[in-house]
Structures are given as C-alpha cells and as structure tokens.
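Here is what each chain is made of, one letter per residue.
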Amino acid sequence: MDVIASISTAPGIGGIGIVRMSGEDCFKVLDKIFEPKKKEKIEDIKGYTMKYGHIVENGKIVDEVLVSYFKKPRSYTTENMCEINTHGGNIVIRKILDLCLKNGANLAEPGEFTKRAFLNGRIDLLQAESVIDIIDSKSEKELNTGMKQLQGQLSNKIKEIKQEIMDVMVNVDVSIDYPEYDVEEVENKEVLNMLDSVQAKLEKLEKSFDTGKVLKNGIKTAIIGKPNAGKSSLLNAILHEDRAIVTEYEGTTRDTIEEFVNINGIPLKLIDTAGIRENSNDEIEKIGIKKSKEIANTADLVIAIFDSSKELTQEDIEILNLIKNKKAIIILNKSDLNTILDVNDKRFTDVTKDIVKISALNGEGIEDLYSKILDMFNLNQINLDNDIIITNLRHKNLIMKAIESTKKARETILQGMPIDIIAIFIKDILEDLGAITGEYVTEDIINEIFSKFCLGK
Ligand code: GDP
C-alpha cells in the first residue's frame, strides 16, 4: 500500500510531537528528509530501534529529532513504519508532515493506520473499534473493557459461539448431501440443543450492553430538592470524596457544566451542577420546580433530596410527585440532626423503595447511596473484571439480529421444515456474528467505523 503520513499527537504545544508514516516505501520517504548522526543502510537497522539526527530541507536543519523504526510485519499496521519524534510545536510538526507529503507520502485519513491493521489482518474489526473506546475512555473500568476487547476477549467469545454452531452444522450438511441416511430426528434434537445454548450466550452478551452503556456514557444524574435541602452539600460531599475522579465537560447548552465523577467505578455524569452551585447562596434564584422537572426528565437517575429534620412542605410533595415512575433515589438528608422524617414514611415508600438516610455534612450514609446506585443499574451483579461487556451499539444490534435468527431456526424445526431450510437461518446467525468481527461487512460500514477515529491513529 502507498505511504501514509500524519501527525499522531494532539494539536497544541507539547514537549514532543510525533509524525507517523506507514507503507512499504516509508523508509524511502524518510531517507529524503532525515539525516541521522550515524548513517546506516536501512537493511542494517533493526525494527524497534531509534536513531538520532536532523530533519533537513534543502540543506537547512528543520529540527533535531529521534526516529523510531518498525519493520514489517512487526508494527501497528504490519507494514514498514516510522515515527519521527520532533519538538512539540505546531509549526515544526506541521512543517515535518509537509516534508513527508512533498516527498511521496499521502496524508492519512482519520483512523487509517488502524484500518490498515485491520485490512492487513493483524486485528479484527471489533478490536479496531475497541481502539476508539480506549482513546475515548472516561473511566478506568471503561478503559479496562476497551483493553480486553483489543486483546480479543469478545472476539474469542464470538468465535467460540460460531464454532459451536459449525460443529453441529457439519453433520447437518452431511445429511443434506446424503438424504438417504435418515438421521433427522437425532439431528433436530442436536440442533435444538445447540440453538438453546447459543441463544443463552448471545442473550447474556446483549444484556451486558446496558452495563456497557453506563460505563461508556456515565449515569446521567440529577440532584433535585427544594432550597436548603442540601443539594450543594451533597454535591460537594460527592466531589470531594477521596476516590472521586472529577472531569469537567462543557455542557450541551452554553453555560451548563457537566461533571463526570467516577466513584468506586461508578461513573456519574452530574447534570446542571452549575445551576446548583450558582444559586446556592441566593434564596430567590434557587432552582424552581419547573426547572427541576426539566432536569429530571433528561436524567437516567434522579436523586431527590429532603431535609429530614423538617416536616415536608408543599414544594417537597411536588418534588415527590415529579419523581413518581422515574428511576429515583430519595435521600433523607441531615441525619445528624433531630430527624422527624424516616425511611418508612408512606409518602416516600409510595414513590420508591430506594430511600437512603445520609448526612451530606459529615458524609454518613454516602456509601449506602453508592451501593444503592450500583444495585439500581445492576452494576454489582456483573463481575466487571471477568465478564465480557458489549459497549458498542453496532455489536448489540448484530447480536439482537442473531438472536432473532436462532428463534426463527428453532420455529422452523418445530414446524417440521426440512433441514436445508433450517440451515438458511443458521447461516444468518453465522453471518451476523461474522459482521461483528468484520468477516462479513461491506466497505461502507468499514469506512463509517474508521471515520470516527482521530487523525494519526
Ligand atoms: P441547597 O440549597 O439544597 O443546595 O442546600 P445546601 O447544601 O446549601 O444546604 C443548606 C444548609 O443546610 C446549609 O447551611 C448546609 O450547611 C446545611 N446542611 C446541608 N446538609 C446538611 C446535613 O447533612 N446536616 C446538617 N446539619 N446541615 C446540613
């Protein structure tokens, strides 16, 4: 394939910047712009080594660099590759990239290096997709999941399921070819058993997507409550928790801030925290019911907080009404004071069974809140370290299609259809599974997947 080049480090000023090239002739391009301190023939340079020297244009030094050499097939793309480590400044990196392009390289498209790794057979499509997940990870658990997919855990599972199908189908094919052997009855039973087992495995994978989604996007969480209930105190208690890793994102509307908090592996995306903060010292400006309703409607989880040292007011009742039929946790705050509201109060239990007593002031009960959240999102049933988790919607849709095909195949057997009709549905299952790993995909899908990558990857 032709030589491609790209800047692989993030835009902006940094200590170093990397320009990367891949392709059979990339060392020829390099040779035209790089003057190593100690000249050696390319055949004598081993893969996985670095050389010091200068990038030179018309006899003039452009920058002092280190170049890493990777020789085919032992490289990211399985092609010859090199990486020029330059000083990290926009101008110098850009200049070196331009020199590569002037001397025979083509500008790489986003994801083209990883696409080559896939097209050259080093990784399957699913592993390539996990590279995006790793780059985009917002929590350690998400990173782990991405890494395990890159290492082939999910690919192996899919292969295992396909093998299970094929082992049975080999016998079926024999009987299609030699119909005089009447083995159909035994076979049908065998096929049914296989379908049951395959379906159960696929359903387990499909179910894991909910967890995957949570790991990927975080649980969109809204904290609501009337003024002085303790919203900003709870927010602070969560944010100042030792184990909380906090990342701030620009919200979707202009002046909201979304904070991504990661506690005990639970990624929470707190909505409208700016609203809570800004207004916390201003009685009149406090978030009103209307606004609370808006926030609650966009959330995956609503945490409604009440001051348990005071009788409920009309405003509290309205808040209780608006969380009815929502995924919500009721918090009875200020447990350190003389409390008059408790968890058995029917006004609460009518709304949800998820009620936690806490003191946002001294942190009492915060752990209970976290374990409640884990429960509600089934995060503690899944063993995050061992179970295989689907995080990609494309994979989920294909798995759902495969499940449909297992059901159809089963129906066809029960209707007494001939085995060659059944085999058609079973081939569908194999094709859907093959589309996940990239054996059966169209070029359009491949292009769409790689277009989501960043430049230089
Ligand atoms: P918000 O208006 O809902 O954001 O409420 P704040 O977090 O600003 O809290 C209102 C008042 O209640 C402040 O004076 C807090 O210090 C106090 N407060 C909040 N949580 C607790 C708690 O758990 N115990 C006690 N004793 N006071 C609390």
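Please read these numbers as outputs of a predicted model, since none were measured by experiment. (Residues numbered from 1 in each chain as written. Predicted model: local features only at pLDDT ≥ 70, side-chain atom pairs only at ≥ 80, totals over all residues. Heavy atoms only, no water.)

Our focus in this paragraph is the overall build of the chain. Looking only at helices and strands, the chain has 16 helices and 14 strands in total. Put simply, the chain has 457 residues, and 50% of those count as buried. Contacts spanning at least 24 positions in sequence make up 67% of the contacts within the chain whose residues lie at least 6 apart. Total accessible area on the chain stands at roughly 23,200 Å², and carbon and sulfur atoms take up 51% of it. (Helix = DSSP H or I, 4+ residues; strand = E, 2+ residues; numbered from the N terminus. Buried < 20%, exposed > 50% of the residue type's maximum accessible area, 1.4 Å probe, protein only. Contact = heavy atoms within 4.5 Å. Areas by Shrake-Rupley, 256 points an atom, 1.4 Å probe, with all protein chains shown as cover.)

It is worth spelling out helix α10 (residues 289–298) at this point. Within α10 the residues assigned to the buried category are Ser292, Ile295 and Ala296. Relative to the axis of α10, the buried residues are bounded by an arc of 100 degrees and lie together on one face. Turned more than 90 degrees away from the buried face of α10, the exposed residues are Lys290 and Asn297. For α10, the secondary structure elements touched by its buried residues are β8 (219–224), β12 (301–307) and α11 (314–323). (Arc of directions from axis to C-beta.)

Right, let's talk about the pattern of salt bridges for a bit. According to the stated counting rule, one finds 25 salt bridges in the structure shown. For Asp196, the salt bridge goes to Arg410, with nearest N and O atoms at 2.8 Å. One end of the pair, Asp196, is in helix α7 (residues 184–217); the other, Arg410, is in helix α14 (residues 393–414), and 214 residues separate them in sequence. Judged by relative accessible area, which is 40%, Asp196 ranks as partly exposed. Salt-bridge contacts for Lys407 lead to Glu404; the nearest nitrogen and oxygen are separated by 3.6 Å. Here Lys407 and its partner Glu404 are both found in helix α14, three residues apart, which amounts to about one turn of the helix. Glu404 sits in the partly exposed class, given a relative accessible area of 40%. (Salt bridge = Lys/Arg side-chain N within 4 Å of Asp/Glu carboxyl O.)

Here the focus is the sheet that holds strand β1 (residues 4–7). Pairing in this open sheet of seven strands is mixed, and the strands run β3-β4-β5-β6-β2-β1-β7 from one edge to the other. Strands at the two margins of the open sheet, each flanked by one partner only, are β3 (34–36) and β7 (106–107). Direction of pairing for strand β4 (residues 49–57) relative to strand β5 (residues 60–70): antiparallel, over a ladder of nine bridges. In the sheet register, Ile55 faces β5, and the bridge partner there is Asp63. In the packing of helix α1 (residues 26–33) onto the sheet, the strands contacted are β2 (16–22), β3, β4, β5 and β6 (81–87), and the crossing angle to β6 comes to about 30 degrees. (Pairing = 2+ DSSP bridges. Axes fitted to C-alpha atoms, helices over the stretch in contact; angles between N-to-C directions.)

Now for the confidence of the model for the chain. Of the residues in the chain, 88% reach a pLDDT of 70 or more, and the chain-wide mean stands at 86. Across residues 250–256 the pLDDT falls below 50, and counting only partners more than four positions away or on other chains, this stretch makes eight contacts in the model. (pLDDT = per-residue confidence, 0-100.)

It is worth spelling out a nonpolar patch on the surface at this point. Together, Met50, Tyr52 and Leu66 make up an exposed nonpolar region whose accessible area comes to about 270 Å². Relative to the helices and strands, Tyr52 is located in strand β4. (Patch = residues over 30% accessible without salt bridge, like charges linked within 9 Å, V, L, I, M, F, W, Y side chains within 5 Å.)

In contact at an axis separation of 5 Å, helix α4 (residues 125–136) and helix α15 (residues 419–437) are set at 45 degrees when each is read in the N-to-C sense. Compared by their axis directions, α4 and α15 come out oblique. For the pair α4 and α15, the contacting residues are Leu125, Leu126 and Glu129 in the first and Ala435, Ile436 and Thr437 in the second. Within the contact of α4 with α15, the residues separate by chemical class into four nonpolar, one polar and one charged. (Parallel < 35°, antiparallel > 145°, perpendicular 65-115°, else oblique. Nonpolar A, V, L, I, M, F, W, Y, C, P; charged D, E, K, R; others polar.)

On to the side chain of Asp316, then. Structurally, the position occupied by Asp316 is in helix α11. You can call Asp316 buried: its relative accessible area is 2%. Ignoring any residue separated from it by four or fewer positions in sequence, one finds Asp316 in contact with Lys226, Phe306 and Glu311.

This paragraph deals with the nonpolar core. Judged by nonpolar contacts, the single largest core of 50 residues is most densely connected at Ile165, Ile426 and Leu433. If you list the elements that add at least two residues to this core, you get α3 (112–119), α4, α6 (153–177), α7, α14, α15 and α16 (443–451). Broken down by element, the residue count for this core peaks at nine residues, all from α15. Split by domain, the residues of this core number at least three in each of domain 1 (4–108) and domain 2 (137–208 + 389–440). Beyond its immediate sequence surroundings of up to four residues, Ile165 is in contact with Met194, Val198, Ile426, Ile429, Leu430 and Leu433. (Core = buried A, V, L, I, M, F, W, Y, C linked by side-chain atoms within 4.5 Å. Domains from an automatic or database assignment.)

This paragraph deals with empty space enclosed by the protein. All chains considered together, the criterion is met by one cavity of 30 Å³ or more. Computed from the structure, the largest cavity encloses a volume of approximately 40 Å³. Along the walls of the largest cavity sit Thr145, Lys148, Gln149, Gln153, Asp387, Ile388 and Ile389, which together make up its complete lining. Per-element tally for the lining of the largest cavity: the top contributor is helix α5 (residues 140–150), with three residues. Residue composition of the lining of the largest cavity, grouped by class: two nonpolar, three polar and two charged. (1 Å grid on protein atoms, 1.4 Å probe; cavity = no way out; pocket = protein on both sides within 12 Å on 5 of 7 lines; lining within 4 Å. Points joined across faces, edges and corners; volume = space filled by probe spheres on them.)

Here we come to the pairing of β4. Pairing analysis gives three bridges linking β3 to β4, with the strands arranged antiparallel. Opposite Phe34, over in β4, you have Ile55 as the bridge partner. What sits between β4 and β5 in their antiparallel hairpin is a turn of two residues, with Asn58 showing a positive phi close to 50 degrees.

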